Amino acid sequence: TGIYTVPMPTELIQMQYYSFFRMGCNPLAETGRSKLQNQRAVLNQQILRAVRMRAGAENLLRATTNNKVREQVLLELSFVNSDLQILKEELEGLNISVEVYQNTEGTFSIPLVPLGLKETKEVDFTLPLKDFILEHYSEDSSEYEDEIADLVDLRQACRTPSRDEAGIEMLMSYFLQLGFIENRFFPPTRHMGVLFTWYDSFTGVPVCQQNLLLEKASILFNIGALYTQIGTRCNRQTQTGLENAVDAFQRAAGVLSYLKETFTHTPSYDMSPAMLNVLVKMMLAQAQECAFEQISLPGIRNEFFTLVKMTQEVAKVGEVYMMVNTAVTQEPVKENIPYSWSKLVQIKADHYRALAHYFLATILCDHELQSNDDEDQQEKALSQLYDYVPEGVMILTILKDKVQRKQLGKAHLRKAIVYHEEALRVCGLCKKLRNIEVLLEVLTAAHKRSLLKYAQQETEDDFLSLIQAPDILPKTEHKVEMVAPQFSKVKVKDFFHRLGPLSVFSAKQRWTAPRTIHFHCETGELGFSLKGGSPVQIYCLDPVCSAASAGLKEGDYIVSVGGVDCKWLGVNEVLEKFKSVGEQPIEFEVISCQDTTASMHSKSATYSVGMQKTYSLICLAMEENKTDQAKKTPLKLPFLSWGTKNRQKAASTLCLPSAVAGSSQVKKKLSPFTLLGTESSLY
């Protein structure tokens, strides 16, 4: 074309390229984790389309009386429901793709479970914030375009955080920035028109809401999820790596627990109190597992007291996984948690309990009481392993009697073999888990080791041994605990700092437009005093002074003097501004606070596509029943509304959940996105 371009240096190109992604990962990078997140985003969209198709078919089924049409619709519904089931299985496959998140170093350990990040749609704050700045703060909104752009860029970067401390810090900074944004731009009296959409991490169902609390809760969930990914990435073949893994899972549990306690009405399954409670227990169990690996990393010496300690430590890991296994089998969690996760938890519980019995059997079979051994110490140590012993059996007798000692040891080996076989059986039942090679290798090796140990102890009179191995008491010297999120360590500057001190210039306060006051200082006296921090406030105004005649009022705030912004200046600094004017007329701008008595409920109209009555809906229904019975106050817009009555008010609604069968709403006109009833739950 005749156009000649000068080639840019490679270093400059790379610098410009990476500066674009300086706050988050390159979303186009072909890494294993980015591929998983991209697949998750695609599945979320497919699930959304399938749910909408099912909603339309159900509405048609409800509206038509033609039998032929009903047959065709029912056939279509069966196909859509089958498609949804397939999509659910694909999403579950992504959730169990643990090998992508594990450390790349050669390892021989059972994989850990990471949480996938919640996906979201893009949000443009530009128009709502510019309108609010102009309307509420009476300032030129074009002067804040850079700040709004920084906010949008930060949110966009948070969709692809790096899997390290820098990614955690970025998510935390955005979470803290949302606190400033909420106070400055989201008044309690109305919605801002900003629609936040987040997809459930387990079901792929989108939740749409005009409440900033959904954004904050989802960011918290992603902080916890990112900690779990950092924990699984740690090298579990080194002490430092295991220490970092324990710390990461403890911090993940702390963030998820903080989310559960702070945001109690999140309309998403993955952030419901029941699900978060399970996730907290699972992360603490994985931290305990890494703590056991940490103390066993140098090797386990075949020595009496060392084996006693390791027996109790590994029994503790089995106990915490048993607690998690109990939690994941309870309603409503078991309907939404990935099937492969619940089976992996069960496998780990059986595996570590089997190891505990194997270690104890090794104590009994390999360590006979010698003349130079301290039998009192051994009796005390061994008795701490049992809550009870079989009737007629004494610990000291077991230590001294070779036959009883061997019989009890073989009983523990038999129990270990039973647990190992159960773990292998459960692993074989789950398609996703039996394809994880390292998991099968670990389980098979442990099973063969117990079988070999048992074969070495076999004698001809083995059929006479009827003793049952007692349960082992768990105990740990490395107890793991939740680590609360340390937001104070993340330093964040308010993007909209120029609007003024947040304690005064917030969305909750309403102000008059700035008024310009022109007056001449008479006899060196202003005619008023100043008080407060920043901004300063008019105090003790003389009603006959020239400033009062110019329109100054008691309690006004000074926002500028001589065209210079002084929202952040104190009393002495503002007085210096006045003195610097000299004998010339003084010009400054003030604003007056308007009384705001109108208030609005803190809850928002929230809908989730395809979701039936969750805990939030049930609580809401109970509240509405109480209100109807009391008949004292008019019915307010509830937190979650699924009737057609409030659709006009719920501008944040993407699509509506199921209509309640048998209600009066049935006769009204149906939305094309209204679902039929509770029988058609998503999965």
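As shown above, the structure is provided for reference.
No experiment lies behind these values; they were computed from the predicted model shown. Each chain has its residues counted from 1, running along the sequence as written. Given that this is a predicted model, residues contribute local features only at a pLDDT of at least 70 and side-chain atom pairs are listed and counted only at 80 or more, while totals for whole chains, interfaces and linings are drawn from all residues. Here the side-chain values reflect all heavy atoms present in the structure, with hydrogen atoms and water set aside.

Quick notes on the overall build of the protein chain
Assigned secondary structure in the protein chain consists of 19 helices and eleven strands. Throughout, a contact is declared for two residues whenever any of their heavy atoms are within 4.5 Å. Counted over contacts in the protein chain with a minimum sequence separation of 6, partners at least 24 positions apart contribute 77%. Surface accessibility follows the Shrake-Rupley procedure with a 1.4 Å probe radius. Residue values consider only the protein chains on display as shielding. In the form shown here, the protein chain has an accessible surface area of approximately 33300 Å², with 53% of it arising from carbon and sulfur atoms. Secondary structure elements follow DSSP: runs of H or I no shorter than four residues count as helices, runs of E no shorter than two count as strands, and numbering proceeds from the N terminus.

Some remarks on the packing of aromatic side chains
Here is the rule: rings of Phe, Tyr and Trp (six-membered ring for Trp) pair when centre to centre is within 6.5 Å. Planes less than 30 degrees apart are stacked, more than 60 are edge-to-face, and the remainder are tilted. Scanning the entire structure with this criterion turns up 20 aromatic pairs. Taking the centre distance of 5.0 Å and the plane angle of 25° together, the rings of Phe-175 and Phe-487 count as stacked. Remark: Phe-487 occurs in the loop between helix H16 (437-457) and strand S3 (510-511) and Phe-175 occurs in helix H6 (residues 165-185); sequence separation between them is 312 residues. Like Phe-487, Phe-175 is buried. One aromatic cluster is present, built from ring pairs that chain together Phe-132, Tyr-137, Tyr-144, Phe-185 and Phe-496. Over the aromatic face of Phe-175 sits the side chain of Lys-216, whose NZ or CZ is 5.7 Å from the ring centroid. Cation placement over rings: the criterion is NZ of Lys or CZ of Arg within 6 Å of the ring centroid and within 35° of the ring normal. A cation sits over an aromatic face here: Lys-410 above Tyr-454, 5.6 Å from the ring centre. Only protein chains enter the accessibility calculation, which uses a 1.4 Å probe. A residue is then buried if its area is under 20% of the maximum for its type, exposed if over 50%, and partly exposed in between.

Let's talk about helix H7 (residues 212-233)
Here the expected length of a helix is defined as 1.5 Å per residue gap, with one fewer gap than residues. With 22 residues, H7 extends 32 Å between its outermost C-alpha atoms, agreeing within 8% with the 32 Å of an ideal straight helix rising 1.5 Å per residue. Burial runs high along H7: 20 of the 22 residues are buried. For H7, the side-chain oxygen to backbone nitrogen distance between the N-cap and Leu-213 is 3.0 Å, and the N-cap itself is Asn-211. Polar contacts here mean pairs of N or O atoms no more than 3.5 Å apart (in protein, one a potential hydrogen donor and the other a potential acceptor; neighbouring residues in sequence count only if both atoms are side-chain atoms).

A closer look at the packing of helix H11 (residues 339-366) against helix H14 (residues 402-429)
Only the stretch in contact is used when fitting a helix axis, every axis being a line fitted to C-alpha atoms; angles between N-to-C directions are given from 0 to 180 degrees. Remark: H11 packs on H14, axes separated minimally by 8 Å, with the N-to-C direction vectors making an angle of 160°. In terms of their interaxial angle, H11 and H14 are classed as roughly antiparallel. Our pair here, H11 against H14, has a crossing hand that is left-handed. In the scheme used here, Gly and all other residues not listed as nonpolar or charged are polar, with Ala, Val, Leu, Ile, Met, Phe, Trp, Tyr, Cys and Pro taken as nonpolar and Asp, Glu, Lys and Arg as charged. Residues that form the contact of H11 with H14 fall into these classes: 16 nonpolar, six polar and seven charged. Any angle that is under 35 degrees is reported as roughly parallel, and any over 145 degrees as roughly antiparallel; angles of 65 to 115 degrees are reported as roughly perpendicular and all others as oblique. Less than a right angle of anticlockwise turn of the near helix away from the far helix marks a crossing as left-handed, whereas a clockwise turn marks it as right-handed.

Some words on the nonpolar core
Leu-115, Phe-125, Phe-185, Phe-196, Ile-223, Leu-279 and Phe-496 are the most contacted members of the largest nonpolar core, which has 137 residues in total. The greatest single-element share of this core, amounting to 15 residues, is contributed by H11. Contacts of Phe-496, omitting those with residues within four sequence positions, involve Leu-129, Ile-133, Tyr-144, Glu-147, Ile-148, Ile-181, Arg-184 and Phe-185. Core analysis: the second largest hydrophobic core is formed by 22 residues, Ile-517, Leu-526, Phe-528 and Phe-588 among them. As used here, the term nonpolar core means buried Ala, Val, Leu, Ile, Met, Phe, Trp, Tyr and Cys residues forming a set that is joined through side-chain atoms within 4.5 Å.

Topic: the packing of H7 against helix H8 (residues 239-262)
Packed helix pairs are characterised by how far apart their axes lie and by the angle those axes make with each other. One can describe the packing of H7 onto H8 by two numbers: an axis separation of 8 Å at closest approach and a directional angle of 165°. For the element pair H7 / H8, the angle class is roughly antiparallel. Here H7 and H8 pass one another in a crossing that is left-handed. Together, Ala-217, Leu-220, Phe-221, Ile-223, Gly-224, Tyr-227, Thr-228, Ile-230, Gly-231 and Thr-232 of H7 and Ala-245, Ala-248, Phe-249, Arg-251, Ala-252, Val-255, Leu-256, Tyr-258 and Leu-259 of H8 make up the contact between the two elements.

Topic: the pattern of salt bridges
The rule for a salt bridge is simple: a side-chain nitrogen of Lys or Arg has to be within 4 Å of a carboxyl oxygen of Asp or Glu. If you walk through the whole model with that rule in mind, you get 22 salt bridges. Note that Lys-348 is salt-bridged to Glu-289, the shortest N-O span being 2.9 Å. In this pair, Lys-348 sits in helix H11 while Glu-289 sits in helix H9 (residues 273-296), placing the two residues 59 residues apart along the sequence. On the basis of relative accessibility, which here comes to 1%, the residue Lys-348 falls in the buried class. Assessed through its relative accessible area of 0%, Glu-289 is described here as buried. A salt bridge links Asp-556 to Arg-515, with the shortest nitrogen-to-oxygen separation between them at 2.5 Å. With Asp-556 in the loop between helix H17 (546-549) and strand S7 (557-561) and Arg-515 in strand S4 (residues 515-519), the pair connects residues that are 41 residues apart, well separated along the chain. With relative accessibility at 21%, the residue Arg-515 sits in the partly exposed group. Within the structure, one salt-bridge network assembled from shared partners comprises Glu-139, Asp-565 and Lys-567.

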